[in-house]
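# Overview (structure and organization)
Take a look at the letters that make up each chain.
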Amino acid sequence: MLRDDPTGVAAHTEGWRWFLLGGLGFIAAANLAPTDAQPLLCSLAELGTIAGLAIGIRVNRPVQRLSWLIVLAAIGLLAATKLVQRVDVVAGLHAPLPGSAVDYLYLAVYLLLTAALGVLPLYGRQRTKLTNATEFGILACTIVVLAWSGVIDPVLDAFAVDGVVAVTASLLPMLGLLMVTTTARQVVTARIRTPSGVLAVLGLISLCAGDTIAMAARLHTGSTLGAAPSMLGWLVGTLLLATAALHPSAAVDPAPAERPNRRVIANGYVLLILVGPIATAISLLREFHQPSQITAVDVVVPLTATTVTAVLLVARLTAFAQVAEQRATTLDARTEALETALGEQLTLRRELSRQATHDPLTGLPNRTLLGESIDDALSNDEPGTLLLFDLDGFKDVNDRYGHEVGDELLVALSERVREVVAPPHLLARLGGDEFAVLLQDDDHDICVRYAEAILAAVRRPFRVCPYQLYTAASLGLRPLEAEVGTARLLGDADLALYAAKEAGRDQLVCYDSQLRTRHLAQARMVDRLREALDQDQFSVYYQPVVDLQDGRWVGVEALARWEGESGSVSPDQFIPAAEDSGQIVALGTWVLRQACRDAAAWHRDHGTRVAVNVSVHQLREANFTAVVHSALADSGLPPSALTLEITESVLLGSGMPRSRAVMHLAELRKAGVRVAIDDFGTGFSSLAYLQDLPLDTIKIDRAFVPCAEPGDARQFALVRTIVQLARGFRLGTVAEGIETSWQARVLRLLGCQLGQGYYYGKPIPADVMSAELAPQNAPA
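Note that this is a predicted model, so its numbers are computed, not measured. Residue numbering note: each chain is counted from 1, following its sequence as written. The predicted origin of the model limits local features to residues at a pLDDT of at least 70 and limits the giving and counting of side-chain atom pairs to 80 or more, whereas totals for whole chains, interfaces and linings rest on all residues. With hydrogens and water stripped out, all remaining heavy atoms of the structure feed into the side-chain values.

### Digging into the overall build of the protein
Assigned secondary structure in the protein consists of 25 helices and 17 strands. Burial analysis of the protein (780 residues in total) assigns 44% to the buried set. What makes two residues a contact is simply this: any of their non-hydrogen atoms within 4.5 Å. Considering only residue pairs separated by 6 or more positions, the protein has 73% of its internal contacts joining residues 24 or more positions apart. Roughly 38,900 Å² of accessible area belongs to the protein as shown, and the carbon and sulfur atoms make up 59% of that amount. Counting from the N terminus, the helices are the DSSP runs of H or I reaching at least four residues and the strands are the DSSP runs of E reaching at least two. Partly exposed describes any residue whose relative accessible area lies between the buried limit of under 20% and the exposed limit of over 50%, with all areas from a 1.4 Å probe on protein chains only and scaled to the type maximum. All accessible areas in this document rest on Shrake-Rupley with a 1.4 Å probe, and a residue is counted as covered only by the protein chains that are shown.

Given below as structure tokens:
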């Protein structure tokens, strides 16, 4: 029983089932009907078959539409021929259509059916029309040889028949067998065997079987009408073909089969080569044993078919060899392309691997490769020492000359240091201006010599573009230890590096455990500082600033104090921690607002001014000017009563941070706020700064104040020079750290205007300052 369409194409109708069942029933009834009614019933069955075939072609629109149309024409022609024969018999006419014409019509029908099957595509391989024709010809010639040698020639020799009957008896079985084998091959070679294809094969088998039986009967009787089995085979065969056209799978293009096995193809060709000659030889041997019956046809037919088969096989094998050669060439080309692609992929992988482990600017190993090298050294218990260094003031190079010059400087630096630490030592760039060296040695003296050689190499001037640049480096040294991991080693070397910077830069610091202890203490200090800001543990103390001529309190300096849960914390401890962590901005803003609120009443009642220290981080904030104006507005303190004290670190560097700081100071000074430079002389003092920057006052650091009688003449000269310098720039002066009356008298004689220190008063809370201001403002 046929299954439903396995291709998944839904049957749009079940009519083909009813058509098949109804047709079989009608054919059975026609064969069981009386003899005189059978011609009419057979004709009706044939007409129904033709109609079903035409409807199937119309509705399903099969892919092989031309083949189906040829089948329709052939069946229609054969049905018309049979109808003429039946009319001849029923009407009693004896020669409306000669017997030879009927035989030729039969041959024409079979030729049409064979042509229809010949144009069908063969699935499974890419084929040309010439290839299809060649294989069809090989199959046809082989069938001719087999049919002639095994069936037709012996039958013709056994029965005496005329020429037309002989031709018909010879060709019809061969053509029928050719149609069946061709169609079966097409169905089998398709990967999906559709019900439509199976029905077509069954129909052709039925048709061929019926006509073969009919031809055998004619050889006995010579009658032009076939026997009952012929009629039954004809009706059933055409019904199955019409049902194949009606089945929905007729619209499906069968999927190509997988590439066939070449060994199977080769064996098939060998079989075809052997079958023809063997069959021909057997036929000729049989004819030679009966010399009286041998004719030219007995020799010409098999030899001709065998010769044509051989020629076609040679042509097919030649084409097959060409295809094989083309495929081999294509395979070679693809192999070469694949090898090229694999080579390019390997090169790309190597390049990507290098990019992942090397710095793109300098070509040096990066942090990843350095970490892997340290891991390998630790796991293999190899000796080694890690050096970490970066340039001092590299940011200024970028700000002044641009990043291109900075990049060129880094490249020149890497080339110079590579000369100092050649392989097997590893030089790596970690990022920015930070470099690392992994020495394959743990001898302390040798490693220190390498470090000093690096520092010396960096000190030499660099010629970069049109500039000659001078720079220095700070370097930290950390020996490798097996029990310490890579991340910890890098962190320790980093601590040593920053210790070198804090110690004055351009030097080497070797790691010791105290560095980590101090680092942990600072980290804990940062955490406590954050909690103190959240819990309002800070307060503002005020130290008086006096007029050295009469001793009056003319101002106060606001100083932050921290009273924690475990006691007070020194400003020398929490101010650096706040600077490093960035929390100085929040702390400084709070001190500024609180100082303005406290000083508002003092200025209103006593004319007292207030000085507030400002961090470089605050001045780099974009909204610093607005913060100061807001503090003044909220407290009611006039701008002229506020002095902002800055350090010389604000004036260092170039670019956006410095220009923003100068802009803030200029705008605030224009509004009336005074600006003082604190700890003058301890940093990078420059006359250019005093000339270009918006300043009002210089605060002389306590380090320059004469300590005791009779004093150092150089200190007197230094203070006198600073005072005269300030007068030359029309700047006021404030001396810090006055602790004795002698120091106050000396500074007054040297021309200093204002002073502050423990001699006049220690920092005190705001409420105490309020109580002290009234009597202290009286003339001394």
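The structure having been displayed, the exposition proceeds.
### As for a negative patch on the surface
Residues E372, D375, D376, D381 and E382 make up a contiguous surface patch of negative charge. Along the polypeptide, E382 turns up in the loop between α11 (367–379) and β1 (385–392). Any residue with relative accessible area above 30% and no salt bridge may belong to a patch, with like charges joined within 9 Å and the nonpolar Val, Leu, Ile, Met, Phe, Trp and Tyr side chains within 5 Å. Every case where a carboxyl oxygen of Asp or Glu lies within 4 Å of a side-chain nitrogen of Lys or Arg is listed as a salt bridge. In summary, the charge assignment counts Lys and Arg as positive and Asp and Glu as negative, without counting His or the chain termini. Positions of charges follow a simple convention, taking NZ of Lys, CZ of Arg, CG of Asp or CD of Glu.

### Topic: the pattern of salt bridges
Oppositely charged side chains can pair when the atoms bearing their charge come close. All told, the structure shown has 17 salt bridges when counted by the stated rule. Put simply, D550 and R552 hold a salt bridge, and the shortest N to O gap is 3.0 Å. Through salt bridges that share partners, R478, E481, R488, D492 and R516 make up one connected network.

### Notes on the nonpolar core
Formed by 77 residues in total, the largest nonpolar core has its most connected members in Y542, L592, V610, L637 and L642. Among the elements that line this core, the one with the most residues is helix α18 (residues 584–606), at nine residues. Among residues more than four places away in sequence, those in contact with L592 are V612, V627, V628, A631, L642 and L644. Nonpolar core, defined: a set of buried Ala, Val, Leu, Ile, Met, Phe, Trp, Tyr and Cys residues in which side-chain atoms within 4.5 Å join the residues together. Counting 29 residues, the second-largest nonpolar core is a separate cluster that includes I27, A45, V71 and L235.

### Side note on the environment of I738
For I738, the position within the fold is in the loop between β15 (732–735) and α24 (741–749). For the pair I738 and Y760, spaced 22 residues apart in the sequence, the C-alpha separation amounts to 7.8 Å.

### Thoughts on the pairing of strand β11 (residues 609–613)
In short, DSSP must find at least two bridges between two strands for them to pair. Bridge analysis of strand β9 (residues 553–564) against β11 gives four bridges, and the strand direction is parallel. The residue of β11 that forms the bridge with G555 is R609. As judged from the four bridges shared by β11 and strand β12 (residues 642–646), these two strands associate in the parallel manner. What sits directly across from V612, in β12, is L644.

### Quick look at the sheet that holds strand β2 (residues 426–431)
Strands sit in the order β2-β3-β1-β6-β7 across an open sheet of five strands; the sheet is mixed. What marks the edges here is a single partner per strand, and that holds for β2 and β7 (508–510). Strand after strand, the sheet turns through a mean of 20° between neighbouring axes, direction not considered. Where β1 meets strand β6 (residues 472–479), eight bridges bridge the pair, whose relative direction is antiparallel. Each residue of the ladder has a partner; that of L388, found in β6, is G476. Between the N-to-C directions of two axes lies an angle of 0 to 180 degrees, each axis being a line fitted to C-alpha atoms and, for a helix, fitted only over the stretch in contact. Lying over the sheet, α11 contacts β1, β2 and β3 (434–439), oriented at roughly 135° with respect to β2.

### Looking at the packing of aromatic side chains
Centre distance within 6.5 Å is the pairing criterion for rings of Phe, Tyr and Trp, where only the six-membered ring of Trp is used; planes under 30 degrees apart are then read as stacked, over 60 as edge-to-face, and the remainder as tilted. A complete count under the given rule lists eight aromatic pairs for this structure. Note on F389 and F435: the rings are 5.6 Å apart at their centroids and 15° apart in plane angle, and the pair reads as stacked. Of this pair, F389 sits in strand β1 while F435 sits in strand β3, and the two are 46 residues apart along the sequence. Neither F389 nor F435 differs from the other in exposure class; each is buried. Taken together, the ring pairs connect F538, W562 and F574 into an aromatic cluster.

### Observations regarding a nonpolar patch on the surface
A cluster of nonpolar side chains, contributed by F26, L40, L44 and L47, occupies part of the molecular surface with about 400 Å² of accessible area. Within the secondary structure layout, L44 lies in helix α2 (residues 38–60).

### Quick look at helix α13 (residues 403–420)
Every helix has an expected span of 1.5 Å times one less than the residues it contains. End to end, α13 covers 26 Å across 18 residues, agreeing with the expected 26 Å (1.5 Å per residue, within 8%). Every buried residue of α13 is accounted for by V405, G406, L409, L410, L413, S414, R416 and V417.

### Quick look at the packing of helix α16 (residues 513–534) against helix α17 (residues 571–581)
Each packed pair of helices is defined by two parameters, the angle between the axes and the distance between the axes. Orientation of α16 relative to α17, taken along the N-to-C sense of each, is 85°, at an axis distance of 9 Å. Considering the angle they form, α16 stands roughly perpendicular to α17. Counted together, Q522, M525, V526 and L529 of α16 and Q573, F574, P576, A577, A578, D580 and S581 of α17 form the full contact between these two elements. An angle below 35 degrees is treated as roughly parallel, one above 145 as roughly antiparallel, one from 65 to 115 as roughly perpendicular, and anything else as oblique.

### Points about helix α14 (residues 444–459)
Here α14 contains 16 residues, and its C-alpha end-to-end distance of 23 Å stays within 8% of the 22 Å for a straight helix at 1.5 Å per residue. Looking only at α14, the buried set comprises C447, V448, A451, I454, L455, A457 and V458. Looking at the buried side of α14, the elements it contacts are β1, α13, β3, β4 (462–464), β6 and β7. Regarding α14, its N-cap is D443, as a side-chain oxygen of that residue lies 3.2 Å from the backbone nitrogen of D445 further along. Polar contact is the term for a pair of N or O atoms within 3.5 Å; when the atoms are in protein, one must be able to donate a hydrogen and the other to accept it, and sequence-neighboring residues count only if both atoms are side-chain atoms.

### Concerning the packing of helix α15 (residues 486–502) against α16
Their axes nearest at 10 Å, the elements α15 and α16 cross at an angle of 85°. It follows that α15 is roughly perpendicular to α16 by the angle criterion. Every residue of α16 that contacts α15 at R488, G491, D492, L495, A496 and A499 is listed here: L515, R516 and H519. A breakdown of the residues in the contact of α15 with α16 according to their chemical character gives four nonpolar, two polar and three charged. Residue polarity is assigned by list, with Asp, Glu, Lys and Arg as charged and Ala, Val, Leu, Ile, Met, Phe, Trp, Tyr, Cys and Pro as nonpolar; anything else, Gly included, falls into the polar class.

### Section: unusual backbone geometry
The omega torsion across P423 and P424 is 15°, close enough to zero to call that bond cis. If you check the backbone angles, D506 has positive phi at about 55° while not being a glycine. Here D506 lies in the loop between α15 and β7. You can call D506 partly exposed: its relative accessible area is 28%.

### Here's the deal with the side chain of T471
Take T471: it is sitting in the loop between β5 (467–469) and β6. Once you skip the residues sitting within four places of it in the chain, T471 turns out to touch L391, D392, V458, R459 and F462.

### Remarks on the state of the cysteines
Note on terminology: disulfide denotes any pair of cysteine sulfur atoms within 2.5 Å. Per the stated rule, a full pass over the model turns up zero disulfides. The closest cysteine sulfur to the non-disulfide-bonded C510 is located on C447, 9.1 Å from its own sulfur. Using a relative accessible area of 27% as the deciding quantity, one classes C510 as partly exposed.

### So, the environment of T721
With respect to the helices and strands, the residue T721 is situated in helix α23 (residues 713–728). Judged by relative accessible area, which is 47%, T721 ranks as partly exposed.

### Structural notes on the confidence of the model for the protein
What pLDDT expresses is the predictor's confidence in each residue, scored from 0 to 100. The predicted model of the protein averages 79 in pLDDT, with 72% of residues at 70 or higher. Note on residues 1–12: pLDDT is under 50 here. Beyond four places in sequence and across chains, it has 21 contacts. Note that pLDDT drops below 50 for residues 121–126; the model gives that stretch 23 contacts with residues more than four away or on any other chain.

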